[in-house]
Amino acid sequence: MAKLTIAVETCKGCGLCADVCPRHLLALSKEINSRGYHPIAISDQDQCIGCAFCARMCPDAVIKVEK
Amino acid sequence: MAVVYEKTKLLTDKPLHYCPGCTHGIIHRLVAEAIDELGIQERTIGIAPVGCAVFAYDYFNCDMMEAAHGRAPAVATGCKRVNPKNIVFTYQGDGDLASIGAAEITHAATRGENITVIFVNNAIYGMTGGQMAPTTLPGQVTTTSPYGRDPKLCGYPIRVSEMLATLDGPAYISRVSVHDVKHILDAKKSIRKAFETQIAGKGFSLVEVLSACPTNWGMTPQEALKWLEQNMIPQYPLGVKKEVE
Ligand SMILES: Cc1ncc(C[n+]2csc(CCOP(=O)(O)OP(=O)(O)O)c2C)c(N)n1
Ligand code: SF4
Ligand code: SF4
Ligand code: SF4
Ligand SMILES: [Mg+2]
């Protein structure tokens, strides 16, 4: 099992990370961060394989991946 | 648990001001990671451009300077020559490098100046509101080519990497893209290679990175990456254009 840490406040909700997740685990949340964006959230942490595609795609270095 | 991936310490904690989905952010990260991995943080000096990346000096955790529009290669030349142990890079957009700074980049390249240039080609003037750049594609709509760029009127786009590769001075020139994870990994390798070229004292290195400007292209970040892949890459073929052993 892998662990994702999302820096919610720096996420701009562009969704580019979600598009590259091979497990389709990422989607924008309904919450709004202090800069007015819907940050990304992971639906099922247990399904994450820790490939870090999401983190490498993110323009804002929001995601940390541990395994 | 081991860390598979985290933000490099070569980027500061300051949130990037770029638009959502702007790939300037990816390119910043790749440059920062390369500096970190090569262990050259303490002797690296970056030169920021005028353009959307004008605040780059706030984002890199190494010494940074700001140059007048297009003049980054001239400033970098000074930083390098005054102390050749410095590792000096410029970070420049296509308006900055290929319009107003066309002379500076050409002469730095032909002198074989031992600096590294990160050239962000997004086929538009991003910062000023989406005007046509020398790299704008034929037919591409911008605020100053509202009916699409007409080469008969405005000339053809400049392939900077190929043009500079005809000179004797440069040691390493390549073009990469950041529209998907595989290409991001390739781009990182190329950027590392450019810094290694400078560290080895081989001379001028430049990496042209095809980049998306969703805001001024009038697209979602997803559409912009697709547009880059389908339209920019045929006009600007990827690959190493020059490499001196
Ligand atoms: C001497 C001078 N001329 C013109 C400008 C206006 N200007 C600011 S940024 C820019 C071009 C930006 O485009 P680019 O270099 O492609 O960077 P991008 O924003 O697309 O990353 C221009 C023409 C200026 N700041 N200074
Ligand atoms: S690490 Fe891989 S599997 Fe896990 S969320 Fe990111 S892209 Fe998806
Ligand atoms: S790519 Fe980064 S900024 Fe964009 S939604 Fe994903 S985590 Fe947020
Ligand atoms: S205007 Fe374009 S290049 Fe500038 S930050 Fe926005 S998306 Fe990026
Ligand atoms: Mg530009």
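As shown above, the structure is provided for reference.
All values reported here derive from a predicted model rather than from experimental measurement.

## Remarks on the coordination of the magnesium ion (ligand 5)
Metal coordination angles have textbook ideals: 109.5 degrees for a tetrahedral set of four donors and 90 or 180 degrees for an octahedral set of six.
Residue and element names in this part refer to chain B.
Moving on, step 1. Note on the magnesium ion (ligand 5): its protein donors are Asp94 (OD), Asn122 (OD1) and Ile124 (O). The metal-donor distances range over 2.0 to 2.2 Å.
Moving on, step 2. Read from N- to C-terminus, the donor residues coordinating the magnesium ion (ligand 5) fall into the pattern D-x27-N-x1-I. Residue Asp94 is found in helix α4 (residues 94-100), and its partner Asn122 is found in the loop between β5 (116-121) and α6 (151-154); the two are separated by 28 residues along the sequence. Here the two residues Asp94 and Asn122 agree in accessibility, since each one is buried.

## Describing the side chain of Thr90 of chain B
All names here are of chain B.
Moving on, step 1. Looking at the element boundaries, Thr90 is found in strand β4 (residues 87-93).
Moving on, step 2. Overall, the relative accessible area of 0% leaves Thr90 in the buried class.
Moving on, step 3. A polar atom in the side chain of Thr90 sits 2.9 Å from the side chain of Gln92.
Moving on, step 4. Discounting residues that sit within four places of it in the chain, Thr90 has contacts with Ile47, Ala72, Pro73, Ala76, Thr116, Val117 and Ile118.

## So, the state of the cysteines
All names here are of chain B.
Moving on, step 1. Applying the stated criterion across every chain yields a total of zero disulfides over all chains.
Moving on, step 2. Between Cys79, a cysteine without a disulfide, and Cys62, which holds the nearest cysteine sulfur, the sulfur-to-sulfur distance is 11 Å.
Moving on, step 3. When its relative accessible area of 9% is taken as the criterion, Cys79 is described as buried.

## Examining the site of ligand 4
All names here are of chain B.
Moving on, step 1. In the vicinity of ligand 4, the residues found are Tyr18, Cys19, Cys22, His24, Cys52, Asn122, Gly126, Cys213, Pro214, Thr215 and Asn216.
Moving on, step 2. Element by element, the count of residues in the shell around ligand 4 is highest for helix α9 (residues 214-217), at three residues.
Moving on, step 3. Looking at the shell around ligand 4, its residues break down into six nonpolar, five polar and no charged.

## A word on the site of ligand 1
Residue and element names in this part refer to chain B.
Moving on, step 1. Around ligand 1 sit 16 residues, and of these Cys52, Asp94, Gly95, Asp96 and Gly126 come closest.
Moving on, step 2. At a separation of 2.8 Å, an oxygen atom of ligand 1 approaches a polar backbone atom of Cys52.
Moving on, step 3. In this structure, an oxygen atom belonging to ligand 1 sits 2.4 Å away from a side-chain N or O atom of Asp94.
Moving on, step 4. Contact with the protein chains covers 73% of the free accessible surface of ligand 1, which is 590 Å².
Moving on, step 5. Considering every element that reaches the shell around ligand 1, the biggest residue donor is α4, with four residues.
Moving on, step 6. Across the shell around ligand 1, the residue classes break down as six nonpolar, eight polar and two charged.

## Digging into the nonpolar core
All names here are of chain B.
Moving on, step 1. Membership of the largest hydrophobic core comes to 54 residues, with the highest contact counts inside it found for Val31, Phe89, Phe195, Trp217 and Met232.
Moving on, step 2. Broken down by element, the residue count for this core peaks at seven residues, all from helix α1 (residues 24-38).
Moving on, step 3. With residues near it in sequence (within four places) discarded, Phe89 still touches Val31, Ile35, Thr44, Ile45, Gly46, Ile47, Phe60, Cys62, Met64, Thr116, Ile118 and Phe195.

## Notes on the packing of α1 of chain B against helix α8 (residues 181-199) of chain B
Residues and elements named next belong to chain B.
Moving on, step 1. Contact geometry of α1 with α8 gives a least axis separation of 9 Å together with a crossing angle of 50 degrees. The angle between α1 and α8 places the two elements in the oblique class. The two elements α1 and α8 cross, and the hand of that crossing is right-handed. For the pair α1 and α8, contact is made by Ile26, Leu30, Val31, Glu33, Ala34, Ile35, Glu37 and Leu38 and by Ile184, Ala187, Lys188, Ile191, Arg192, Phe195, Glu196 and Ile199, respectively.
Moving on, step 2. Grouping the constituent residues of the contact of α1 with α8 by class yields eleven nonpolar, no polar and five charged.

## What about the pattern of salt bridges?
Residues and elements named next belong to chain B.
Moving on, step 1. One pass over the full model with this rule turns up 17 salt bridges over all chains.
Moving on, step 2. Here Glu37 and Lys188 are joined by a salt bridge, their closest N and O atoms 2.7 Å apart. In this pair, Glu37 sits in helix α1 while Lys188 sits in helix α8, placing the two residues 151 residues apart along the sequence.
Moving on, step 3. Relative accessible area serves as the criterion here: at 42%, Glu37 is assigned to the partly exposed category.
Moving on, step 4. Here Lys241 and Glu162 are joined by a salt bridge, their closest N and O atoms 3.1 Å apart. You can see Lys241 sitting in strand β8 (residues 239-243) and its partner Glu162 sitting in helix α7 (residues 160-165), a full 79 residues away along the chain.
Moving on, step 5. The exposure class assigned to Lys241 is partly exposed, which follows from its relative accessible area of 24%.
Moving on, step 6. The network of salt bridges with shared partners includes Arg29, Glu33, Glu37, Lys188, Arg192 and Glu196.

Rules behind the numbers
Residues numbered from 1 in each chain as written. Chains lettered and ligands numbered in written order. Predicted model: local features only at pLDDT ≥ 70, side-chain atom pairs only at ≥ 80, totals over all residues. Heavy atoms only, no water. Donors = N, O, S within 2.8 Å, 3.2 Å for Na, K, Ca; no water. Helix = DSSP H or I, 4+ residues; strand = E, 2+ residues; numbered from the N terminus. Buried < 20%, exposed > 50% of the residue type's maximum accessible area, 1.4 Å probe, protein only. Polar contact = N/O pair within 3.5 Å; in protein donor to acceptor, adjacent residues only side chain to side chain. Contact = heavy atoms within 4.5 Å. Disulfide = S-S within 2.5 Å. Near = heavy atom within 4 Å. Nonpolar A, V, L, I, M, F, W, Y, C, P; charged D, E, K, R; others polar. Areas by Shrake-Rupley, 256 points an atom, 1.4 Å probe, with all protein chains shown as cover. Core = buried A, V, L, I, M, F, W, Y, C linked by side-chain atoms within 4.5 Å. Axes fitted to C-alpha atoms, helices over the stretch in contact; angles between N-to-C directions. Parallel < 35°, antiparallel > 145°, perpendicular 65-115°, else oblique. Left-handed = near helix turned anticlockwise from the far one by under 90°. Salt bridge = Lys/Arg side-chain N within 4 Å of Asp/Glu carboxyl O.

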